[in-house]
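Take a look at the letters that make up each chain.
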Amino acid sequence: YTKDLFYYPDQVTAAIEQERVISFIALNSAGTIVGQMVIILDTGKKDVSEIGAVMIQPEYRRSMGLLQLIKTVQRFVQENPRILPFCEVNLVTTHTLSQRVCGAFHFAPMGLKLSVHDRARFLGIEDSEEGRRESLLHAVRQVAPQDPICLFVPSRHVGFSRRLFENAGIPVDIATPNDD
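Keep in mind it's a predicted model, so treat the numbers as computed, not measured.

Q: Help me understand the overall build of the protein, please; the structure alone is not making it clear to me.
A: The number of helices and strands found in the protein is 4 helices and 8 strands. By the burial criterion, 36% of the 180 residues in the protein qualify as buried. Looking at the protein alone, contacts between residues at least 24 apart form 53% of all its contacts between residues at least 6 apart. Within the structure as shown, the protein displays about 11500 Å² of accessible surface, and the carbon and sulfur contribution to it stands at 52%.

Q: Would you mind going over the nonpolar core with me for this structure?
A: Among soluble globular proteins, nonpolar side chains are generally buried collectively. M37, I51, V73, V77, F105 and F107 are the most contacted members of the largest nonpolar core, which has 23 residues in total. Put simply, the parts of the chain that give this core at least two residues each are β1 (21-27), β2 (33-40), β3 (48-56), α2 (64-79), β4 (86-92), α3 (96-104) and β6 (133-142). Top contributing element to this core by residue count: α2, with 5 residues. Aside from chain neighbours lying at most four places away, what touches V73 is F24, M37, I39, I51 and F105.

Q: Is there a simple way to think about the packing of aromatic side chains in this case?
A: When we look at a pair of aromatic rings, we describe it by the centre distance and by the angle of the planes. The final tally for this structure, using the stated rule, is 2 aromatic pairs. Geometrically, the ring pair formed by F24 and F76 is edge-to-face, given 5.4 Å between the ring centres and 65 degrees between the ring planes. Of this pair, F24 sits in strand β1 while F76 sits in helix α2, placing them 52 residues apart in sequence. Take F24: its relative accessible area is 11%, and that puts it in the buried class.

Q: Got a minute to help me understand the environment of N80 in this structure?
A: Inspection of the secondary structure puts N80 in the loop between α2 and β4. Residue N80 is classed as buried on the basis of its relative accessible area of 19%. Note: C-alpha distance between N80 and V143 (63 residues apart in sequence) is 8.6 Å.

Q: Explain the environment of R162 here, please?
A: Within the secondary structure layout, R162 lies in helix α4 (residues 158-168). Between the C-alpha atoms of R162 and D173, which are 11 residues apart in sequence, the distance is 8.8 Å.

Each value, and the rule that gives it
Residues numbered from 1 in each chain as written. Predicted model: local features only at pLDDT ≥ 70, side-chain atom pairs only at ≥ 80, totals over all residues. Heavy atoms only, no water. Helix = DSSP H or I, 4+ residues; strand = E, 2+ residues; numbered from the N terminus. Buried < 20%, exposed > 50% of the residue type's maximum accessible area, 1.4 Å probe, protein only. Contact = heavy atoms within 4.5 Å. Areas by Shrake-Rupley, 256 points an atom, 1.4 Å probe, with all protein chains shown as cover. Core = buried A, V, L, I, M, F, W, Y, C linked by side-chain atoms within 4.5 Å. Phe/Tyr/Trp six-rings, centres within 6.5 Å; stacked < 30°, edge-to-face > 60°.

Function cannot be inferred from these measures alone, as they are strictly geometric.
Take a look at the structure:
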């Protein structure tokens with residue numbers, strides 16, 4: 001994960017205490033943490049949170065516990081629109097489970113960044129395409145009604161931009177600067 005704080009318990013604890021993240025955990029029957037999913041509040045963007053950093057022990061990836069964790073986070077987002085009016089996710093395109101979770105959360109694709117970095121390696125996930133570069137899918141979800149976003153785009157991109165925002169259910173006022 002690019003946000004490496006999740007690999008260090010003391011950094012995660014500090015982020016939770018400073019209310020920069022909300023962490024949801026999954027426990028097995030012995031009370032051991034086997035999974036985590038977070039909402040990152042400190043994204044550097046006003047009124048935007050990021051949902052992600054889903055980390056699950058390989059033997060629990062197809063369990064009901066993972067489904068319950070996802071449903072808990074989804075319910076929290078829906079019940080807290082004032083805290084989380086607008087959410088974003090960034091997914092590696094090789095991790096199709098993340099894309100299915102994104103669909104369950106009703107996120108809409110907004111961008112595809114091709115061949116961004118070396119491929120991520122996930123524990124317990126076979127990858128027959130090692131050595132190929134990774135692409136990222138950026139998706140968004142508006143949880144609470146918002147005023148239209150004022151967007152300035154070249155006239156040749158107006159139609160495409162309008163369709164992206166309409167697909168995501170996000171109101172937008174598009175202006176075109178002089179295209180000189």
